[in-house]
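# Results of the structural survey
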Amino acid sequence: MDKLKSVVHESLKLMVADSSPNDLPSTSSSLLKFFSDLPQFHQMIRDLSDPNNALCAKNKDAALVSKQMGNECYLCEDYTTALSCYSQALRLAPIDVDDMGRNLVATLYMNRASLFQKIGLLQECLRDCNRALQISPRYAKAWYRRGKANVSLGNYKDAVNDLNIARDTEVSSGGKRRIESELKELVHKCREMSNKTVAHHENLIFLDEACQMKIKCVTTPDKGRGMVSDCEIPQAFLVHKEEPYAMIISKDYRETHCHYCLNELPGDTVPCASCSIALYCSQRCQERALGQAFCGITKDLGKYKNDSDSVKGIEDYIREITLCSDSKADVEYFPEHKHECRGVNWPTVLPADIVLAARVLVKSTLQGRGYVEDLSHNYLQIPSESKLEVYIFSIVLLYCLQHSDGLELPINGASISQAVIIISQIRVNSMAVVRMKSVDSYGLAGELGKHPSNVGALTSTLEQVRVGQAIYAAASLFNHSCKPNVHAYFLSRTLFIRTTEFVAAGCPLELSYGPQIGQFQCNDRLKILVEKYSFRCQCRSCSAVNISDLVIDAFHCTNLTCPGVVLDGCVLNCENEKLKNFRKLDSGSCLDAHLQVIETKDFDISDVAHCAPDVGKRFLCIDPGYCLKCGCHRDIESSCAASNLAWKYIRSLQDALISREISHTTLADASKSLVKLRSILHAYNKGIAEAEDALAQAFCLLGDLQSANEHCKASIKILEVLYGSQHIVIGYELVKLVSIQLSVNDYSTLDSINRLRAIFSLYYGLHADIMFPYLQSLKRDACKLLQ
């Protein structure tokens, strides 16, 4: 895109830079005419959209190479590499080609099923057998492998059916005799053992919970449209649930997460039937992404003949296995991947938000409704350079979509304008779809769940990762805040929004900007939000003096007995700006009660600073470098220098944690630096919490679990003051603390687990145990400790 931007005439660049939404059609037409006469533009379109240039198309030869490598690794018992090779071959193999007289895709599923059976992943083996049989119903080897897996699972009745079919479809007499022998033993065992039921389909099941509170959309002068409560809403209440209008996976997670539901991929991935990029966690997700049920190559079920009473009704059994579809016939799913799915390059080359814009554009076009009109945009606030980029992406996108089957999209000023607005809307309204990433390691050095003998205790950490982005029609109306009162989370593609505190009637319901944004100091987060969203945040945290913003980056008072904070000029100006804005508020506005001086439950703001109670005098009238409580002076410049020097050793320790090579010298220097930081920075400065956490991990790695326990608790104590004792950040840190406490037989472990469960229940409600299934096992381990 940079090459196209560089050849645009200065006059066109100026036209784009100065354009308003009303100018979009004429500006788009001028830019379109310019690119229409540009040879390199048309070459780019051919590279992106011509199937003959596709780098992501199916390739039989490449699939055969991967298959052969998989076979060789399997024979060498390198099962991890073999699995990777078979899965890669499945991504590359065309659905309609044969190899040695057998459909290649069916053969690959069968090879992978054999590997799964070998390493004990029997459910995965069953699913791959089913997939092979849906393509080739008379595949004797697949029926046999399925029967053996069912035997191991104790599903004897199904195993008998599978082996009967395997025997009757086997062409060699030796194979028939071997299967017949195994059948006799199995029938005898089947009479002795009760049958267990095996699910043939991959179903995602989670507890359903109805939204019973009414919320409504209102418009306010400062934030425009937003959602508010119609009545009082209790804490931890589900207020909204919604499916996405359109969704896209982030490029960084294409190899690890399902391209439809964004859940983590299992070992038995299901590739797209038409391109070599998309991967799905199940056949159901594959079918929904393409908007159609999977179709095998041939369904010659009528050829099966057997009059034996023991296999009476076997034809129905075969149909159940080979014709099964996870998608319900009466439910329509929009084929969001279909227009991208010819192996062409543009869906993989263009940024994720541009591909998401394509999905929105295609869906709104095919459904014949102007969905884009429902979303706000920030076109006027987009920087000039970014505006030109959005125009170019819009034109390129329309040309690429024009090559898609079944799409009739005109390319003119009006259609380009629509695409520009959609991209602008997505950048403002799309939600980051997050998943919880759990890292369980022994002193950061664990591998495959095995406890190395030379390292310390198991530590567990949780973090949110952005695996995709999506447009949710109603949820886009929720405003955001650095101190939110509702929490969003995702199960599969479904968005859930739950209150994290009591919400009064008429109070705005506000989401977090993102997993970390509320954890920055006010001045930093204001800058980030202006750069990302082109507006100044006016939420209750950014418009009111609060403990977190005062202490998060503060210095310690030189009077070590004084708990007051010392601020630099930048932070102090930001806090005074809040108070200046507060004075301008209409005292009769509904937001007045929402923008008071915020105090935590257990920590009063007067403990660190004197704030006059009179709103008219509510200014921090003191110069930078002076304690806001007692007035003692600190040299900010020399304090920063000393702090930076101490942080040099803390960062060395953090680097050593990554490499897992910690010397006693590195640990000793970091410990001394923490003492130095405590004398310079305020006791609740977030930097001290970060240093405490690094030391906790280091001591854990070296096996000093008691020290790790104490440093972890010290870090949590600081975070509780910054964010409150029930904040989700505390929950994530408690996961780490509990894992250490269990290792040192700390009898307060059960209390920590109960706190952890309470926090997760507050944020995730009935879904807490589904999203964090290890909570039950943690509690069992703690109860054993107390016995």
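Residues numbered from 1 in each chain as written. Predicted model: local features only at pLDDT ≥ 70, side-chain atom pairs only at ≥ 80, totals over all residues. Heavy atoms only, no water.

### Brief notes about the overall build of the chain
Cut-off, in case you're wondering: The helix count covers DSSP runs of H or I at least four residues long, the strand count covers runs of E at least two residues long, and both are numbered beginning at the N terminus. Only protein chains enter the calculation, and the probe is 1.4 Å; a residue is then buried if its accessible area is under 20% of its type maximum, exposed if over 50%, and partly exposed in between. Whether two residues touch is decided by their heavy atoms; if any such pair falls within 4.5 Å, the residues are in contact.
Counting secondary structure elements, the chain contains 28 helices and 16 strands. Residues classed as buried in the chain amount to 52% of the 787 residues present. Of the contacts formed within the chain by residues at least 6 apart in sequence, a portion of 71% connects residues at least 24 apart.

### A few points about the sheet that holds strand β5 (residues 238-242)
The criterion, for reference: Paired strands, as defined in this entry, are two strands with at least two bridges between them according to DSSP. Axis definition: a line fitted to C-alpha atoms, over the contacting stretch in the case of helices. Angles run 0 to 180 degrees between N-to-C directions.
Pairing is antiparallel in the open sheet, where three strands are placed in the order β5-β13-β12. Since the sheet does not close on itself, it has two edges, and those belong to β5 and β12 (486-491), each with one partner. Across the sheet, the axes of successive neighbouring strands diverge by a mean angle of 20°, strand direction being ignored. Inspection of the sheet shows β5 paired to strand β13 (residues 494-499) by four bridges, in the antiparallel sense.

### Some points on the side chain of Glu 340
Of note, Glu 340 is situated in the loop between α13 (314-322) and α14 (346-349). According to the relative accessible area criterion, Glu 340 is buried, its value standing at 4%. Residue contacts for Glu 340: discarding those within four places in its chain leaves Trp 346, Pro 347, Val 355 and Arg 359.

### Observations regarding the packing of aromatic side chains
Rules: Pairing of aromatic rings covers Phe, Tyr and Trp, the last through its six-membered ring, and needs centres within 6.5 Å; plane angles under 30 degrees mean stacked, over 60 mean edge-to-face, and all others mean tilted. The criterion for a charge sitting over a ring is simple: Lys NZ or Arg CZ within 6 Å of the ring centre, and within 35 degrees of the ring normal.
Going through the model one piece at a time under the given rule, you end up with 11 aromatic pairs. Their ring planes at 65° and their centres at 5.5 Å tell us that Phe 34 and Phe 35 sit as a pair that is edge-to-face. The two residues Phe 34 and Phe 35 agree in class, both being buried. Linked through ring pairs, Tyr 489, Phe 496, Tyr 732, Phe 760, Tyr 764 and Phe 772 together constitute an aromatic cluster. In this structure, Arg 178 is placed above the aromatic ring of Tyr 144, and the distance from its NZ or CZ to the ring centre is 5.0 Å. A cation over an aromatic ring shows up here: Arg 493 above the ring of Tyr 260, its NZ or CZ 4.0 Å from the ring centre.

### Regarding the side chain of Gln 464
So the rule is basically this: Under this definition, polar contacts are N or O atom pairs within 3.5 Å; protein pairs additionally need one hydrogen-donor-capable and one acceptor-capable atom, and for neighbouring residues in sequence, both atoms have to be side-chain atoms.
One can find Gln 464 in strand β10 (residues 458-471). Overall, Gln 464 belongs to the buried group, its relative accessible area being 17%. Only 2.8 Å separates the side chain of Gln 464 from the side chain of Tyr 732, close enough to count as a polar contact.

### Section: the nonpolar core
Note the threshold: For our purposes a nonpolar core is just a set of buried Ala, Val, Leu, Ile, Met, Phe, Trp, Tyr and Cys residues, chained together by side-chain atoms within 4.5 Å.
One finds Leu 550, Val 551, Leu 567, Leu 653, Ile 662, Phe 760 and Tyr 764 to be the most contacted residues of the largest nonpolar core, which totals 80 residues. If you tally residues by element for this core, the top one is helix α23 (residues 686-702), at 10 residues. Contacts of Leu 567, omitting those with residues within four sequence positions, involve Leu 550, Ala 554, Leu 572, Pro 624, Gly 625, Leu 628 and Ile 636.

### Let's talk about the pairing of strand β3 (residues 215-220)
Pairing geometry for β3 and strand β4 (residues 224-229), over six bridges, is antiparallel. In the strand pairing of β4, Val 218 is matched with Gly 226.

### Quick look at the state of the cysteines
This is how the line gets drawn: The criterion for a disulfide is a pair of cysteine sulfur atoms lying within 2.5 Å.
Inspection of the entire model under this criterion finds zero disulfides. No disulfide involves Cys 285; its nearest neighbouring cysteine sulfur is the one of Cys 281, lying 3.7 Å away. You can call Cys 285 buried: its relative accessible area is 7%. With no disulfide of its own, Cys 542 lies 3.6 Å from the sulfur of Cys 482, the closest cysteine sulfur.

### Structural notes on unusual backbone geometry
Phi at Leu 262 is positive, roughly 65°, even though this residue is not glycine. Structurally, Leu 262 can be placed in the loop between β6 (246-249) and β7 (270-271). Positive phi, normally seen in glycine, also occurs at Ser 492, with a value near 55°.

### Section: helix α21 (residues 636-659)
In plain terms, the rule: Under the convention used throughout, the expected extent of a helix is 1.5 Å for every residue step, that is, one less than its residue count.
Between the first and last C-alpha of α21 there are 34 Å, a value that for 24 residues agrees with the 34 Å anticipated at 1.5 Å per step. Regarding α21, the residues found buried are Ile 636, Ser 639, Ser 643, Ala 646, Trp 647, Ile 650, Leu 653, Ala 656 and Leu 657. For α21, the capping residue at the N-terminal end is Asp 635, with a side-chain oxygen 3.1 Å from the backbone nitrogen of Glu 637. Arg 660 lies just past α21 and shows a positive phi near 65°.

### Remarks on the environment of Leu 290
One can find Leu 290 in helix α12 (residues 283-290). Expressed as a C-alpha distance, the spacing of Leu 290 and Lys 338, which sit 48 residues apart in the sequence, is 5.1 Å. Beyond its immediate chain neighbours, meaning those up to four positions away, Leu 290 contacts Pro 335, His 337, Lys 338 and Cys 341.

### Considering the confidence of the model for the chain
Selection criterion: Residue-level confidence of the predictor, termed pLDDT, takes values from 0 up to 100.
For the chain, mean pLDDT is 83; residues scoring 70 or higher make up 83% of the total. Note that pLDDT drops below 50 for residues 306-312; the model gives that stretch four contacts with residues more than four away or on any other chain.

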